[in-house]
Amino acid sequence: MRSGVIFGVLAALLAFPDALALKANDFKTCSKSGFCRRGRALSARAQEAQASWKSPYSLDPSSVSISPDEATVKASVKSSLYPDIKFGLELRIHDDGVVRVIMDEVDGLRKRYDEAAEWALVAEPKMSKTISWTAGKKDLRAVYGEKKNIQIVVSYDPLRVTLLRNGKEQIVLNGRGLLHMEHFRSKTVKETSEEVASDSSGEGQEVLQVENVRAWFEGESEDDWWEETFSSWTDSKPKGPESLSLDISFPNHGNVYGIPQHATNLSLPSTTGDDAPYSDPYRLYNADVFEYLASSSMSLYGSIPVMHAHSADSTVGVFNAVGSETWIDISYPTKKSTHTHWISESGIMDVFLLPGPTPEQIFTQYARLTGTTALPPHWSLGYHQCRWNYVSSDDVRTVQRRFDEEDMPVDVFWLDIEYAEDHKYFIWDSKTFPDPVKMTDDVAAIGRKMVVIVDPHLKRTDSYPIYKEASDMDILVKPKSGEGEYEGWCWSGSSSWIDHFNPASWDWWISKFKTNKIDTGFSWTQSTEDIHIWNDMNEPSIFNGPEITMPKDSIHYGGWEHRDVHNINGMLFHDNTAQAIRFRGDVPKRPFVLTRSFYAGSQRISAMWTGDNLGTWEHMAVGIKMVLANGIAGMTFAGADVGGFFGNPEPEMLIRWYQVGIFSPFFRAHAHIDTNDANLSCWRSPTKALENSVTGLPIVRPHYVMFPKDPVGFAIDDQFFIGSSGILVKPITEKEITETTVYLPDDQVYYDYFTHYAYRGSSQGNYVTVRAELHQIPVFIRGGSILPTRERPRRSSPLMKHDPFTLRVALSKSGTARGELYLDDGVTYSHQQGELVWREFVAEPSAKTTRISSKDLASANPSQTVDGVMLETYNPKNAFVKEIEEVRVEKVVVLGLSNKPKSVKVENGAELYWEYIPGVPASDKKEGTSSVLHIKDPKVIVTEDWAIVIS
């Protein structure tokens, strides 16, 4: 967590502009999307038919084929609507219990897009070696798991896939019969519903009605099958209808989470039913939504098709690997069950069923599929100062000087689009930035970094070397004809876009970031390794495109249409950028790349922010929920712009927003060019990045993740925990608040971080009222936690590398506590060779003493020490340990001791200097200021084993 306080507001603030409004007509609703209309109409027909409804899809028992290792089973699927159309079904059971369900059209007129999972998965999953499938008369079954309590059942007719645990349904596919894979077909003259019959004489003609035998399922009309118009744009749809409808039910789970990015509650509100807060499904379609609403199911900048379903009994999840536009309806038929309906424009069915049964296991299972967040550079966890726009190198130096004059720490200064000549990214405007390398060196001299924007649109002029090279290499996205270059409009005017699906673009793009001259064209010699990158507008945002993005019939590498890959597109841009930053120098270094657009797997390479929010209390509050939701879907290095991108927040709001920001994994203040400049800063140390990089557990965690059996916490999203540190935060997101209510979920003591006041939870949960004046942040340490912090203010976080630590020991009711400390050089990948420190701190009581000790965790757990690397051994005297061998603990603060000590000493050492303030002990049942023991400078070394004995 970040320790520190709010220092002050530096700029006078103005009132809001009179009109800040979403241009809703720029974006489709379901009623304006042909395939979404068709999917919702299908659901309505099923609802009306009730028990008489039956899915037309069935599995052919005679086609069942089980692999020799029995982990994979394949079979043919038919639709009674189209008997001549063939489909194939495949189920794979992974070694961690995840079930992958794949369905595709076989021998169709065209190939459905089937590469979404290839971009999302970090590696090919390993198959189980202990599975045994049984083919019966009505279904296929497999039983597995350590306790043999997980069962997967594939019913033949109608086709239905069910995951059960202990005989209880967990996830059901096509349980409501909404599966529909629109097959490829040839466009023909529209059939008439009437035919004319006559006798041989030609007389007595009569009109015969021809029944549409598929209308009960597909509807009467070809609704936007072959062409679709929205506003002034027409989508040519050359492949015709190809959407996929699938219902996924959670019969015993009453809360669902995930599917970011949406501005809404963490526990997702319903979209269908009488009391549904939203009338439209949740949309996954990466879009540049200007001034988005603070509560809506509409799509935003990123899309991760991952959903968790939770109950007090278990947690399960689904990852639907689809890259096209997708709409998701949610309803809650009972308080303990959930129905969802996924409608995608194109692609195969490729669904991963995550069996859990705990939140921790769900995160681990998903992380094994798509990866975890790589350990970021440590400085990137600090405070970032950004504005659209600092317009000159003098501006940058002035801002840095102001921070230093006010003794305000900052780690990063950012440059938006105005640094680039005519918005030709990489090309500095020599009039306003005459010395970019010297400017960056001046910033880096104090341990700080620069982040510079590089957007994906390339100005179409031969004088711009990036565009000219890309054009000559034929690696730009093509228009619907498949010839030439797609041309759209963005900040740089007439623009084209690199096709990052084309492998020829990868090494070329990486080479552009080299800081030395290269033989193969332009390289960014007016840059340094202290410049990192911001990838904005990568949905992609196109000002004159439909829904402010690329036409769906544009063509990518391999002949795929943009409709097939839209939600994946932005991830490839920031992935290649991150590789460029990593390998631009002789020694690979951890990149920092901020992306606006993202997909499943983006967490491996980039941070994200919640986009162009407004400076309102509502946007402050929903930003917390959005960061939590992103963490649920793996994208944990996330944050919302402090103060809002649009508008001028009043001083009270700005202070409260910084109180939110300091506990977000990504902490940046960013403002629109038309707003007032507002700088505010506080210090923080690195958060639980290691744990996330190894396990996939999010850094900021909602209550249901920490206390999965407590129903009261299932919908709480206005307070959260920081990793497993024991820190609980309740930000204030309303005006003129002086006190607030905090929910304590368990029978444990919670200490106010600043005042040490001890509050009491209970086994049934307990609400407590706490003071929350403007200068107060409701932050608590759960009893049983030990929190290491560095508390000497520095101008930037790298300057703290050799600073000593303070240990806060928050004793539990039983007098115990535990915490961890992870350190590495924060810059390179030397930690993957074992150059790191990972310590465990433990407080243990005995009859007459409390012993606080430090021991080496890395030696005991080398396989859990590094993200993505299995260390076989660990050397506790490695190079990094030697580099910080003099870093010590300078203070220990112990909360909740029962009595005043008689002695405090390092084990087998001399008596230490200490001070005891009497107060409420942890073991008591009453509230009040806790007892506090201050141990001053015990001079124990962070990298060594030691113990302090309190007698």
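Residues numbered from 1 in each chain as written. Predicted model: local features only at pLDDT ≥ 70, side-chain atom pairs only at ≥ 80, totals over all residues. Heavy atoms only, no water.

Another point: the pattern of salt bridges. Counted by the stated rule, this structure contains 68 salt bridges. One salt bridge connects D937 with R888, and the closest N-O pair in it is separated by 2.9 Å. Here R888 lies in strand β48 (residues 888-895) and D937 lies in strand β52 (residues 932-941), a separation of 49 residues in the sequence. For D937, a relative accessible area of 23% puts it in the partly exposed group. K939 serves as the salt-bridge partner of D937, at 3.1 Å between the closest nitrogen and oxygen. Looking at K939, the relative accessible area reads 58%, which means it is exposed. Via salt bridges that share partners, D235, K239, E242, R283, E325, E345, E547, K552, E561, R563 and D564 belong to a single interconnected network. (Salt bridge = Lys/Arg side-chain N within 4 Å of Asp/Glu carboxyl O. Helix = DSSP H or I, 4+ residues; strand = E, 2+ residues; numbered from the N terminus. Buried < 20%, exposed > 50% of the residue type's maximum accessible area, 1.4 Å probe, protein only.)

As a further point, take the environment of D710. Position of D710 relative to the elements: it lies in the loop between α13 (703-706) and β36 (720-722). Residue class for D710 comes out buried when judged on its relative accessible area of 12%. Between the alpha carbons of D710 and Y332 there is a distance of 19 Å; along the sequence they are 378 residues apart. If near-sequence neighbours (up to four positions away) are discounted, D710 is found in contact with Y743 and P745. A distance of 2.7 Å separates the side chain of D710 from the side chain of Y743, its partner in a polar contact. (Contact = heavy atoms within 4.5 Å. Polar contact = N/O pair within 3.5 Å; in protein donor to acceptor, adjacent residues only side chain to side chain.)

Sheet analysis places strand β18 (residues 282-284) next to strand β21 (residues 326-334), joined by three bridges and oriented antiparallel. Residue pairing across strands places L284 opposite T326, the latter belonging to β21. Examined bridge by bridge, β21 and strand β22 (residues 337-344) share seven bridges and lie antiparallel to one another. Paired with S331 across the two strands is H339, which belongs to β22. (Pairing = 2+ DSSP bridges.)

A few words on the sheet that holds strand β28 (residues 488-490). Hydrogen bonding along the main chain pairs the strands of a sheet, whether they run parallel or antiparallel. Here we have three strands laid out as an open sheet, ordered β27-β29-β28, and antiparallel in their pairing. The open sheet has two edge strands, β27 (457-459) and β28, and neither has a second partner. Across the sheet, the mean angle separating the axes of adjacent strands is 60° when strand polarity is ignored. Relative to strand β29 (residues 493-497), β28 runs antiparallel, the two being bridged by three bridges. Note on β29: the bridge partner recorded for C490 is G493. (Axes fitted to C-alpha atoms, helices over the stretch in contact; angles between N-to-C directions.)

Scanning all chains against the criterion turns up 44 aromatic pairs. Pairing Y57 with F87 gives two aromatic rings, centres 5.7 Å apart and planes at 70°, and the pair type is edge-to-face. With a gap of 30 residues between them, Y57 in strand β1 (residues 57-59) and F87 in strand β4 (residues 82-93) connect regions that are remote in the sequence. Relative to W534, the ring of W414 has its centre 5.3 Å away and its plane inclined at 70°; by these criteria the two rings are edge-to-face. Linking W414 in strand β25 (residues 412-415) with W534 in strand β30 (residues 531-535), this pair joins segments that are 120 residues apart in sequence. Just as W414 is buried, W534 falls in that class too. It is R668 that lies over the ring of W414; its NZ or CZ is 4.6 Å from the centre. (Phe/Tyr/Trp six-rings, centres within 6.5 Å; stacked < 30°, edge-to-face > 60°. Lys NZ or Arg CZ within 6 Å of the ring centre and 35° of its normal.)

Along its 21 residues, helix α9 (residues 562-582) runs 29 Å from first to last C-alpha, staying within 8% of the 30 Å computed at 1.5 Å per residue. Counting buried residues in α9 gives 18 out of 21 residues, a clear majority hidden from the surface. (Expected span 1.5 Å × (residues − 1).)

Taking the numbering used here, the UniProt-annotated feature "domain: Glycosyl hydrolase family 31 C-terminal" (unreviewed entry) corresponds to residues 696-787. A distance of 21 Å separates the end C-alpha atoms of residues 696-787, which is 4% helix and 38% strand. (UniProt positions renumbered as here; feature names shortened; annotations may be inferred.)

Turning next to the side chain of R185. For R185, the position within the fold is in the loop between β11 (180-181) and β12 (194-197). Notably, R185 is buried but unbridged: the nearest opposite-charge side chain belongs to E218, and the N-O separation is 4.4 Å. Of note is the side chain of R185, whose polar atom sits 3.4 Å from the side chain of Y82. In terms of polar contacts, R185 uses its side chain to reach the backbone carbonyl oxygen of H183, at 3.2 Å. (Lys, Arg positive; Asp, Glu negative; His and termini not counted.)

What follows is about the state of the cysteines. Cysteine pairs can be covalently joined through their sulfur atoms, and such a bond is termed a disulfide. Inspection of every chain in the model, using the stated rule, returns one disulfide. Here C30 connects covalently by a disulfide to C36, the sulfurs 2.0 Å from one another. In this structure the cystine formed by C30 and C36 twists about its S-S bond by roughly -105°; its chirality is therefore left-handed. Side by side, C30 and C36 carry an identical accessibility label, which is buried. Not part of a disulfide, C386 finds its nearest cysteine sulfur in C490, a span of 17 Å. C386 gets classed as buried once you look at its relative accessible area, which sits at 2%. On the basis of relative accessible area, C490 is assigned to the buried category, the value being 2%. (Disulfide = S-S within 2.5 Å.)

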